[in-house]
Amino acid sequence: MNPASLAEAVVATLLLGSGVIVLIAALGLLRLPDFFLRMHAPALASTLGAWLATFASIVHFSHRGQGVALHVWLIIIVLSITAPVTTMVLARAALFRRRASDGAAQPGAGG
Amino acid sequence: MSLSLAISLTLLLYALAMAVGVLRVLRGPRAQDRVLALDFLYIVGMLMMLVLAIRCDSEMYFEGALLMVLLGFVGSLALAKFLLRGEVIE
């Protein structure tokens, strides 16, 4: 197998893996019963799905251009900084809203 | 040839995932479910832009994807902070 078709095969495999992972995340987002269970699903897309797509992009542009095209790595870095912050703030908001909505009815059942 | 087929298939999978996410936005019982699904839609849109960069063989999409990550972060954070303020608007 020559290098060109090998690189293409690697890129295709990584992309398909990313697509499958993102679809699994979406199905989890749709099917999980509770909000706090549902929060786990999009993390799959923003970690493994984004990693696979970014690796595909790095392999493709490194194979096309000159040198190693590592600037796509920035997306992973920014995503891995921002995704936990969003998740944490959203979880706190959901906790707050749940306490505010049914906290008056059953005060001992917080958390 | 196999690469373009894989790219089309991946875009199809992403589009399917986005449709499922839109379903969650429409169905979501409470506002935080909708915010979560919108954040997910932003991420999938960013991934779609990365795949389009490979398809069109242009690195210009990279800046768009990076911008999309940042805008999605700011948007989700603003919505979550709005939910934290306590006024329940459903």
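Please read these numbers as outputs of a predicted model, since none were measured by experiment.

Cut-offs applied
Residues numbered from 1 in each chain as written. Chains lettered and ligands numbered in written order. Predicted model: local features only at pLDDT ≥ 70, side-chain atom pairs only at ≥ 80, totals over all residues. Helix = DSSP H or I, 4+ residues; strand = E, 2+ residues; numbered from the N terminus. Rg over C-alpha atoms; globule rule 2.2 N^0.38 Å. Buried ≥ 20, exposed ≤ 12 C-beta atoms within 10 Å, placed from the backbone. Contact = placed C-beta atoms within 7 Å. Nonpolar A, V, L, I, M, F, W, Y, C, P; charged D, E, K, R; others polar. Expected span 1.5 Å × (residues − 1). pLDDT = per-residue confidence, 0-100. Axes fitted to C-alpha atoms, helices over the stretch in contact; angles between N-to-C directions. Parallel < 35°, antiparallel > 145°, perpendicular 65-115°, else oblique. Left-handed = near helix turned anticlockwise from the far one by under 90°. Core = buried A, V, L, I, M, F, W, Y, C linked by C-beta atoms within 7 Å.

Asker: Residue-level account of the overall build of chain B, with values.
Answerer: Along the backbone of chain B there are 3 helices and 0 strands. In chain B, the succession of helices and strands from N to C terminus is α-α-α. Rg of the C-alpha trace for chain B: 16 Å, well past the compact-globule value of 12 Å for 90 residues, more than 25% over. Its C-alpha atoms put chain B at 55 × 25 × 10 Å along the principal axes. Evaluated residue by residue, chain B yields a buried proportion of 42% over its 90 residues. Here the analysis covers contacts within chain B between residues at least 6 apart in sequence; of these, 48% occur between residues at least 24 apart.

Asker: Pulling in residues and values, what's your account of the interface of chain B and chain A?
Answerer: Each partner contributes residues to the interface: chain B has 45 residues there, and chain A has 48 residues. Breaking the side of chain B that touches chain A down by element, the ones donating at least two residues are α1 (2-27), α2 (31-56) and α3 (60-84) of chain B. Residues of the side of chain B that touches chain A, tallied by class, amount to 32 nonpolar, 6 polar and 7 charged.

Asker: Hey, could you go over helix α1 (residues 3-31) of chain A for me, with residue numbers and the actual values?
Answerer: Taking 1.5 Å as the rise per residue, α1(A) with 29 residues should run 42 Å; its terminal C-alpha atoms sit 42 Å apart, in good agreement. All buried positions along α1(A) are accounted for by V11(A), A12(A), L14(A), L15(A), S18(A), G19(A), I21(A), V22(A), L23(A), A25(A), A26(A) and L29(A). In this structure, the buried side of α1(A) is in contact with α2 (35-38) and α3 (40-64) of chain A together with α1 and α2 of chain B.

Asker: Before we move on, can you summarise the environment of S76(B) with the specific residues and values?
Answerer: With respect to the secondary-structure elements, S76(B) resides in helix α3. Counting along the chain gives 38 residues from S76(B) to L38(B), while the straight-line C-alpha distance between them is 7.7 Å.

Asker: Tell me about the confidence of the model for chain B, and name the residues and values.
Answerer: For chain B, per-residue confidence averages 87 on the pLDDT scale, and 93% of positions sit at 70 or higher. Across the interfaces of the predicted complex, the ipTM metric reaches 0.86, alongside a pTM of 0.86.

Asker: Please give an account of the packing of α1(B) against α2(B) that cites residues and values.
Answerer: Packed helix pairs are specified by the crossing angle of their axes together with the interaxial distance, meaning the distance between the axes. Residues and elements named next belong to chain B. At a minimum axis separation of 9 Å, α1 and α2 run at an interaxial angle of 165°. In terms of their interaxial angle, α1 and α2 are classed as roughly antiparallel. The two elements α1 and α2 meet at a crossing, and its hand is left-handed. On α2, the residues that touch I7, T10, L11, Y14, A17, M18, G21, R24 and V25 of α1 are D33, R34, A37, L38, F40, L41, V44, L47, M48, V51, I54 and R55.

Asker: Lay out the packing of α1(A) against α1(B) with the relevant residues and their values.
Answerer: Running from N to C, α1(A) and α1(B) cross one another at 10°; their axes reach a closest spacing of 9 Å. One element, α1(A), and the other, α1(B), form an angle in the roughly parallel class. Residues belonging to the contact of α1(A) with α1(B) are distributed by class as follows: 22 nonpolar, 5 polar and 2 charged.

Asker: Which residues make up the nonpolar core, and what are the values?
Answerer: Ranked by size, the top nonpolar core spans 55 residues in total, and within it L15(A), V22(A), A17(B), V44(B), M46(B), L47(B) and L50(B) carry the most contacts. Broken down by secondary-structure element, the contributors of at least two residues to this core are α1, α3 and α4 (73-102) of chain A together with α1, α2 and α3 of chain B. By residue number, the principal contributor to this core is α2(B), which donates 16 residues. Excluding anything up to four places from it in sequence, L50(B) contacts A53(A), T54(A), S57(A), Y61(B) and A65(B).

Asker: Account for the environment of K81(B), with residues named and values stated.
Answerer: By the secondary structure assignment, K81(B) is in helix α3. On a C-alpha basis, the gap between K81(B) and L13(B) in space is 32 Å, while along the polypeptide they are 68 residues apart.

Asker: Pulling in residues and values, what's your account of unusual backbone geometry?
Answerer: Backbone geometry places D57(B), a non-glycine residue, at a positive phi of 55°. Summarising the element assignment, D57(B) is placed in the loop between α2 and α3.

Asker: Go over α4(A), please, and point to the residues and values.
Answerer: The end-to-end C-alpha distance of α4(A), which contains 30 residues, comes to 44 Å, matching closely the 44 Å that a straight helix rising 1.5 Å per residue would cover. Within α4(A), burial applies to I75(A), L79(A), A83(A), T86(A), L90(A), A93(A), A94(A) and R97(A). For α4(A), the elements touching its buried residues are α2 and α3 of chain A together with α2 and α3 of chain B.

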